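Descriptive analysis of the structure
The chain contents come next:
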Amino acid sequence: MANLPTKASFLHFLLGFFLTLSGFGFIQEAQSLGINYGQVGNNLPQPQKVLELLRSLKLNKARIYDTNPQILTAFANSNVDLIVTVENDMLATLSDPSQALQWVQTRIKPFFPTTKITEIAVGNEVYTGEGTALLTQLVPAMVSIHAALARLGLDRSIKVSTPNNLAVLEESYPPSAGRFRPEVAAIMPQFLRFLAASRAPFWINAYPYFAYEDSPDKIRIDYVLLNPNPGMVDPNTGLHYDNMLYAQVDAVIFAMARLGFGGIEVRVSETGWPSRGDVNEVGATFHNAAVYNRNILRRQQRNEGTPLRPNAGLEIYVFALFNEDMKPGPTSERNYGLFQPDGTMAYNVGLSQLSTTASASASATTSSSTSASIFLTSAATATKVNQIGYLSFPYSIVLYFLGYQVLMRRHC
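Structural notes, computed from the coordinates. (Residues numbered from 1 in each chain as written. Predicted model: local features only at pLDDT ≥ 70, side-chain atom pairs only at ≥ 80, totals over all residues. Heavy atoms only, no water.)

Each pocket or cavity is described by its volume, and for the largest pocket that value is around 1100 Å³. At the level of elements, helix 8 (208–214) and helix 10 (244–258) are the ones that each hand at least two residues to the lining of the largest pocket. Taken together, the residues of the lining of the largest pocket break down into 17 nonpolar, 11 polar and 10 charged. (1 Å grid on protein atoms, 1.4 Å probe; cavity = no way out; pocket = protein on both sides within 12 Å on 5 of 7 lines; lining within 4 Å. Points joined across faces, edges and corners; volume = space filled by probe spheres on them. Helix = DSSP H or I, 4+ residues; strand = E, 2+ residues; numbered from the N terminus. Nonpolar A, V, L, I, M, F, W, Y, C, P; charged D, E, K, R; others polar.)

Turning to the pairing of strand 1 (residues 33–36), a few remarks are in order. Taking every second residue as pointing to the same face, both faces of strand 1 are buried, with Leu33 and Ile35 on one and Gly34 and Asn36 on the other. Where strand 1 meets strand 13 (residues 316–319), four bridges bridge the pair, whose relative direction is parallel. For Leu33, the partnering residue across the bridge sits in strand 13 and is Ile316. Taken together, the two bridges between strand 1 and strand 2 (residues 61–63) define a ladder with parallel strand orientation. Paired with Ile35 across the bridge in strand 2 is Ala62. Since strand 1 and strand 2 lie parallel, the crossover through helix 2 (residues 47–56) that links them has a hand, and here it is right-handed. (Buried < 20%, exposed > 50% of the residue type's maximum accessible area, 1.4 Å probe, protein only. Pairing = 2+ DSSP bridges. Right-handed = clockwise from strand over helix to strand, strands pointing away.)

On to the packing of aromatic side chains, then. Pairs of aromatic rings are described using the distance from one ring centre to the other and the angle between the two planes. Enumeration according to the criterion identifies 15 aromatic pairs in this entry. A ring pair is formed by Tyr65 and Phe319, whose centres lie 6.4 Å apart and whose planes are at 90°; its orientation type is edge-to-face. In this pair, Tyr65 sits in the loop between strand 2 and helix 3 (69–74) while Phe319 sits in strand 13, placing the two residues 254 residues apart along the sequence. Of the residues examined, Tyr65 reaches a relative accessible area of 22% and is grouped as partly exposed. Ring centres of Phe180 and Phe202 lie 6.1 Å apart, and the angle between their planes is 35°; on these two criteria the pair is classed as tilted. Highlighted residues: Phe180 in strand 8 (residues 179–180) and Phe202 in strand 9 (residues 202–205), separated in sequence by 22 residues. The two residues Phe180 and Phe202 agree in class, both being buried. (Phe/Tyr/Trp six-rings, centres within 6.5 Å; stacked < 30°, edge-to-face > 60°.)

Structure below.
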């Protein structure tokens, strides 16, 4: 077991080598793609190993859920754009400007700019639909942290925002009907005013998986997986949507416009699909997870925008880098990772060139219990894009050099 990370690193090296020789490798062009690097596990690799993994995948954007000094130190001189997070239980304290200044001086300034911190996420999903206790503390904490950054001359380099649960929307269908819940009505104008004044984005955690899990008989699986499908047309705008994620993002834009803030950029701070789940967690399979995330990656390569903002690429952070074994809740919560903690792939997300010829929707009917190796010439699909292409190396030769096989576990 001790040599697994070494084998995984060698695997990633070989993959990168073959992709480079053949002129392939889609992630290198997906400049707006990031990854969420959670740490709620007792078997995760050291930050330096994580950095090596990100480099092998050509990912240069990551988000962490704290200001872990080990990670900030390991990521120094890496050129990885890093979003750090203020924990929810710190919001009340950091509403005090003096406390916020001390926090920035001790948690941010010692590492910047050697570590490329680009944004501070103040809290995470402060409003979840179950309570409003933290809402009154959110904007004051953001204002105080931004003021501290300005005092230290860091405000032009580091933005301040907060990832929002989609529950902040009372209505999201059709997208043009998007509006915020009454519970957030008091805070939303001042929050949006802050974002507009500081030119910071509105972050949204958007998971089409949850909508499908709740209504699998009413929602097309291809629509949520970003596979080819008829989609839907917003009756008020005439805009066509071929996937739920883009519809959710545009619903947020419409909701902000209703309050007079139509020019704020929206970014997806989290989206993903669980590869395993409990019996009642419909759709949580390895196959669907691979399809969803692979489609996301391909659309990111094309720098796609949403139907409402087609010329503005949508920045997306996939959740998550690793399966995290200590996360509470249902089985799905511990199975969102693209990778296992030992560095092996949880499932194939398509480490090869994209092709526009394969049919993504066909994969939706494939059994999720099928075992599969690291297929560089896979025909599986994922979110809003197309199939994988072929390497110039024969598949058998690639497998020979890799000497490695990842079997997809059966869905429980």
